[in-house]
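What follows is the residue order along each chain.
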Amino acid sequence: MMLSRRSVSLFHAFLWLEVLHAVHVGGAILESQAPHRELKAYRPLQDCHGCINLEEVSASSVAAVNYDPSLKDVNIVATYSDHYGNIRLGSVKMGDLSSSWVLENPANQVSGKKQGSQLVIPRDSFQNDTRMEESASHSTTNQSAESENQFPRVEFTNPAKLKRQSLRQERRVQRTLELIQQDKETDEQMQEAAIEKSMSFENSVIEKYSIWRRDYERPNADAILKLMRDQIIMAKAYANIAKTKNATSLYVFLMQQCGENQRVIGKATSDADLPSRALDQAKAMGHALSLAKDELYDCHELAKKFRAMLQSTERHVDGLKKKGTFLIQLAAKTFPKPLHCLSLQLAADYFLLGFNEEDAVEKDASRMKFEDPSLYHYAIFSDNVLATSVVVNSSVLNAKEPGKHVFHIVTDKLNFAAMKMWFRINAPADATIQVENINDFKWLNSSYCSVLRQLESARLKEYYFKANHPSSISAGADNLKYRNPKYLSMLNHLRFYLPEVYPKLDKILFLDDDIVVQKDLAPLWEVDMQGKVNGAVETCKESFHRFDKYLNFSNPKISENFDAGACGWAFGMNMFDLKEWRKRNITGIYHYWQDMNEERTLWKLGSLPPGLITFYNLTYAMERSWHVLGLGYDPALNQTAIENAAVVHYNGNYKPWLGLAFAKYKAYWSKYVEYDNPYLRRCNINIDE
């Protein structure tokens, strides 16, 4: 029997109505309020609609298929696409499904409300083999927008996986909340630290219970002072933010509070110096900061402002450091007025009392001791009378046999009379003193001495004095050391001519005028220097004070002849073997390298660099306890090492006769100064200077 096209279409429509009716009846059995639905397609887990809000998934929305036997005849119609992309229609009885399938209500996941319609969801993950493409899904749902709202979709998922995802999501949310809370608490603590601290102070008298009992002293003697200074910083930061936001009244109020804090602090250095109203002002400032915080607080803006304030403070500190360096250099090169007064008073009396004529007659009386190689001879080249007297006094007082010690002092023409006068009226017991004028060394001239020849050149004078008009404080601080008179004084270079100055001697101990002798130095003459010319204490520690610090190793003349890592040593206390000196022609080596450095390309200045070159591989390393350095620049020296040293050296800018000197080191030097001397009293030189 042949059926027409119209009859076939009516048959198909009737068949679909039956299927939909069956599904509807099944839905009514489960829940009377369930709407009509169409189970459209299998969807993979990553596309499931219910995964969007996993927190709503619960056991109440899932039910096993075989819980109700009346559902076994319900037909399930599913639309899916095969591997070739073709749309196919499938039908299965509810009773044919295994117990691993469950019914789920998708409305619970979307709207949060329990609805009657439910979805069939497998507990297995085989749905990946029947993934439906979006194009297929849209092709079956483009008939009308209402069909999408009326009929739910079939989705496949794994309840165990959903549970794990739900738990993971809950943990993430909980951890996020904890981190936010921690950050918020830390931020609040930083913001309100100054305010809470100011509010916690008690309004009590800021004084000690008893000045005789230390247990009643405040543990933090400047707590309120620091708080008020911190409040000023915070208030200025908020005031600047208020100004940018046109909060004029708040800006004025904060600046007034800053002024009040500054007036209360004044010149106070501890809480005891603060007036009694300081605590009330700190509380008032705390309330002002609290008001500003409530109205203006913005973490980003405040951090930005503090960063700008920090940079400004760093620039200010850097400028102060440069000024401090400049002033220290200036103070180090100047001659204190009391010492200048001492030289003038001594020189005037030397000529007024006629000692100059007596010395001219008796100048050959002690020549035998001056040239006796069996005695202990010292060389001191200085223009500082007081400093030289300390070197001599400390050496003699600590010597076991002071009568065997001979001191050869060489000074310049300006201070020769003063030096002669001092040691004439203050001659140490038993020891022998020889004072000479460097201008009397006729052999020391520019034709023989390289340094004198260079110092007479206009180019070198310009090099040393190029800091006459520095363009900045930093430039002045850097160039001021070039103007130090010691670099232009021949007294600084006379140490390289010891055999010429003392032709009859075999050994001599060279001492700087900024040292103090604390032990008998006679054993130094017994040290076997193993054929070396110079006996000195090495100053290198790890990478410090090695040759590359003093010499220009970018110049091939230096790099080809010397080791950059060779250990440096110090002038100040040096034992020189004059026999070996003459044998090796050390002065000739010195002249050679001085001539090579006429353009100042090998080293810059001073006598130590040419000394390192001249005595390279000719220096005997002595025990460190003989000579401890750094009292003129290092405030952290080992106190035991200082006290056990035979000689302590104030090398650096902080000389003991200057006000810059470290107070804890000055006693080692000042105990050898005769402050009761009438000349010292006349020039106001006392222990406090």
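Refer to the preceding data block for the structure.
Now for a quick tour of the structure. (Residues numbered from 1 in each chain as written. Predicted model: local features only at pLDDT ≥ 70, side-chain atom pairs only at ≥ 80, totals over all residues. Heavy atoms only, no water.)

Turning our attention to the state of the cysteines. According to the stated counting rule, one finds two disulfides in the structure shown. Each sulfur of the disulfide joining cysteine 341 and cysteine 683 lies 2.2 Å from the other. The sign of the -75 degrees torsion about the S-S bond sets the cysteine 341-cysteine 683 disulfide as left-handed. Note that cysteine 341 is positioned in helix α10 (residues 337–352) and cysteine 683 in the segment after α26 (678–682), a separation of 342 residues in sequence. Judged by relative accessible area, which is 22%, cysteine 341 ranks as partly exposed. The buried category is assigned to cysteine 683, whose relative accessible area is 5%. Shown here is the disulfide that connects cysteine 540 with cysteine 567, its sulfur atoms set 1.7 Å apart. Disulfide cysteine 540-cysteine 567: torsion about the S-S bond near -100 degrees, hence left-handed. One end of the pair, cysteine 540, is in the loop between β11 (534–536) and α19 (547–550); the other, cysteine 567, is in the loop between α20 (556–559) and β12 (573–577), and 27 residues separate them in sequence. Comparing cysteine 540 with cysteine 567, the two get one shared label, buried. (Disulfide = S-S within 2.5 Å. Helix = DSSP H or I, 4+ residues; strand = E, 2+ residues; numbered from the N terminus. Buried < 20%, exposed > 50% of the residue type's maximum accessible area, 1.4 Å probe, protein only.)

The three strands lie next to each other as β10-β15-β14, forming an open sheet whose pairing is mixed. Each edge of the sheet is formed by a strand with only one pairing partner; in this case those strands are β10 (515–517) and β14 (627–628). (Pairing = 2+ DSSP bridges.)

The next subject is the packing of aromatic side chains. Considering all chains together, one arrives at 25 aromatic pairs under this definition. For the pair phenylalanine 441 and tryptophan 443, a centre-to-centre distance of 5.8 Å together with 20 degrees between the ring planes defines the contact as stacked. With relative accessibility at 10%, the residue phenylalanine 441 sits in the buried group. A cation over an aromatic ring shows up here: arginine 495 above the ring of phenylalanine 571, its NZ or CZ 4.7 Å from the ring centre. In this structure, arginine 682 packs its charged tip against the face of tyrosine 679, placed 4.9 Å from the ring centre. (Phe/Tyr/Trp six-rings, centres within 6.5 Å; stacked < 30°, edge-to-face > 60°. Lys NZ or Arg CZ within 6 Å of the ring centre and 35° of its normal.)

Of note, lysine 283 is situated in helix α8 (residues 278–296). For the pair lysine 283 and methionine 228, spaced 55 residues apart in sequence, the C-alpha to C-alpha distance is 9.5 Å.

Let us now look at the sheet that holds strand β6 (residues 376–381). The mixed open sheet is built from seven strands, whose spatial order is β8-β7-β6-β9-β12-β11-β13. The open sheet has two free edges, formed respectively by β8 (432–437) and β13 (619–621), since each of these has just one partner strand. On average, each strand axis in the sheet is tilted by 25 degrees relative to the strand beside it, whichever way the strands run. With two bridges connecting them, β11 and β12 associate as antiparallel partners. Considered in β12, the bridge of asparagine 534 is made with phenylalanine 576. Packed onto the sheet, helix α13 (residues 385–397) meets β6, β7 (405–411), β8 and β9 (507–511) and runs at close to 175 degrees relative to β7. The strands that helix α14 (residues 416–425) touches are β7 and β8; relative to β8, the one it contacts most, it runs at about 170 degrees. (Axes fitted to C-alpha atoms, helices over the stretch in contact; angles between N-to-C directions. Contact = heavy atoms within 4.5 Å.)

Should the charged atoms of two oppositely charged side chains come close, the side chains can pair. Scanning the model with the defined rule gives 10 salt bridges in all. A salt bridge links glutamate 260 to arginine 263; its shortest N-O distance comes to 2.8 Å. Here glutamate 260 and its partner arginine 263 are both found in helix α7 (residues 248–265), three residues apart, which amounts to about one turn of the helix. As a salt-bridge pair, aspartate 512 and arginine 495 come within 3.8 Å of each other at their nearest N and O atoms. Taken together, the residues span a long stretch of sequence, with aspartate 512 in the loop between β9 and β10 and arginine 495 in the loop between α17 (473–480) and α18 (498–501) at a distance of 17 residues. Exposure class is identical for aspartate 512 and arginine 495. Each is buried. (Salt bridge = Lys/Arg side-chain N within 4 Å of Asp/Glu carboxyl O.)

So far we have only geometry, and geometry alone does not tell us how the molecule works.
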